[in-house]
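# Breakdown of the fold
Listed below are the residues making up each chain.
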Amino acid sequence: MAVVHRTTLTPTKDELLATWLPTRPWYRPGTGAPQLEAAGGFRLDDTKDEVGIEFRVVTDTAGAEPVAYLVPLTYRGAPLEGAEDALVGTMDHGVLGRRWAYDGCHDPVLVAELLALVEGRSRPQDQSISNTPDPDVAWAYTGDAPVPADFTTVTELRDATELTSPVHDMTLRLHRVLRPGTDTLPQDATGHVTSWWRLPDGTTRTRGLFAVLSTPTR
């Protein structure tokens, strides 16, 4: 089960993201530097208990309208070979020491565990409380299991990141710019994940699509 340590991070996750987010093609520039507020998310367990996995939601209030972003992150105790371009930054963890934070869309451990969630083979965990499932994360799957975790191509779009499996002709789309409400699923969708986040007033919660798995019909 996911263990959350009560300790310090230097720099903090959101300090790292404030530098990294403006480099992404789906980032919506505001006025000046990003003004980020933690807004929600959840964790997944790594079956080997080696990699931290977090689906973090942050809201940027620097522009005229606040924008909520989904940032899947993995935390490792050593660099991930071949993933230099996916490095968000490094942090000093008060318990675990140096941690390497990666854009999880490029980390095979996160992709495999996300697929397990879509299929119902794993359970989402609370973002800030150890060993506690998160009942507010919902998922559905209508395809054949298990889904092969060979999503080798990552494409950044204007509001999403798309992972494709050329061998099995499947697409896993993660919504980077989050929108409240239930978005219409594509006709070829076979699975999806929805969850919640807080609006900028700090008390109101909303929810929407986080990820969609699609298998084109033949």
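About the cut-offs
- Residues numbered from 1 in each chain as written.
- Predicted model: local features only at pLDDT ≥ 70, side-chain atom pairs only at ≥ 80, totals over all residues.
- Heavy atoms only, no water.
- 1 Å grid on protein atoms, 1.4 Å probe; cavity = no way out; pocket = protein on both sides within 12 Å on 5 of 7 lines; lining within 4 Å.
- Points joined across faces, edges and corners; volume = space filled by probe spheres on them.
- Helix = DSSP H or I, 4+ residues; strand = E, 2+ residues; numbered from the N terminus.
- Nonpolar A, V, L, I, M, F, W, Y, C, P; charged D, E, K, R; others polar.
- Buried < 20%, exposed > 50% of the residue type's maximum accessible area, 1.4 Å probe, protein only.
- Arc of directions from axis to C-beta.
- Contact = heavy atoms within 4.5 Å.
- Core = buried A, V, L, I, M, F, W, Y, C linked by side-chain atoms within 4.5 Å.
- Phe/Tyr/Trp six-rings, centres within 6.5 Å; stacked < 30°, edge-to-face > 60°.
- Lys NZ or Arg CZ within 6 Å of the ring centre and 35° of its normal.

## Description of the layout of surface pockets
Its boundaries defined by the atoms lining it, the second largest pocket holds a volume of some 210 Å³. Looking at the second largest pocket, it is lined by 13 residues, and the ones nearest its centre are Arg173, His175, Thr184, Pro186 and Val212. At the level of secondary structure, the elements contributing two or more residues to the lining of the second largest pocket comprise strand S9 (160-165), strand S10 (170-175) and strand S13 (205-214). Its residues assigned to classes, the lining of the second largest pocket shows four nonpolar, four polar and five charged.

## Quick look at helix H1 (residues 13-20)
Among all positions in H1, only Lys13, Asp14, Leu16, Leu17 and Trp20 are buried. The buried residues of H1 occupy an angular sector of 150° when the element is viewed end-on, so they sit on one face. Buried residues along H1 sit against strand S1 (9-10), strand S2 (36-44), strand S3 (52-60), strand S4 (67-76), strand S5 (87-93) and strand S6 (97-103).

## Side note on the nonpolar core
Phe55, Leu114, Phe151, Leu172, Val193 and Leu213 are the most contacted members of the largest nonpolar core, which has 30 residues in total. Broken down by secondary-structure element, the contributors of at least two residues to this core are S2, S3, S4, helix H2 (108-119), S10, strand S12 (189-198) and S13. Tallying contributions element by element places H2 first for this core, with six residues. If we skip the residues at most four places from it in the chain, leucine 114 touches Leu44, Phe55, Leu172, Leu174, Val193 and Ala211.

## Description of the environment of asparagine 131
Positionally, asparagine 131 belongs in the loop between H2 and strand S7 (138-141). Counting along the chain gives 86 residues from asparagine 131 to aspartate 45, while the straight-line C-alpha distance between them is 9.9 Å.

## Thoughts on the packing of aromatic side chains
Within the structure shown, the criterion is met by six aromatic pairs. Seen in terms of ring centroids, phenylalanine 42 and phenylalanine 55 are 4.9 Å apart; in terms of plane orientation they differ by 10°. Their pairing is stacked. Linking phenylalanine 42 in strand S2 with phenylalanine 55 in strand S3, this pair joins segments that are 13 residues apart in sequence. Both residues of the pair, phenylalanine 42 and phenylalanine 55, belong to the buried class. Their ring planes at 40° and their centres at 6.2 Å tell us that tryptophan 197 and phenylalanine 210 sit as a pair that is tilted. Separated by 13 residues along the polypeptide, tryptophan 197 in strand S12 and phenylalanine 210 in strand S13 bring together distant segments of the chain. For tryptophan 197, a relative accessible area of 2% gives the class buried. Classification of phenylalanine 210 as buried rests on a relative accessible area of 2%. Taken together, the ring pairs connect Trp20, Trp26, Tyr27 and Tyr69 into an aromatic cluster. Sitting over the ring of tryptophan 196, arginine 205 keeps its end group 4.0 Å from the ring centre.

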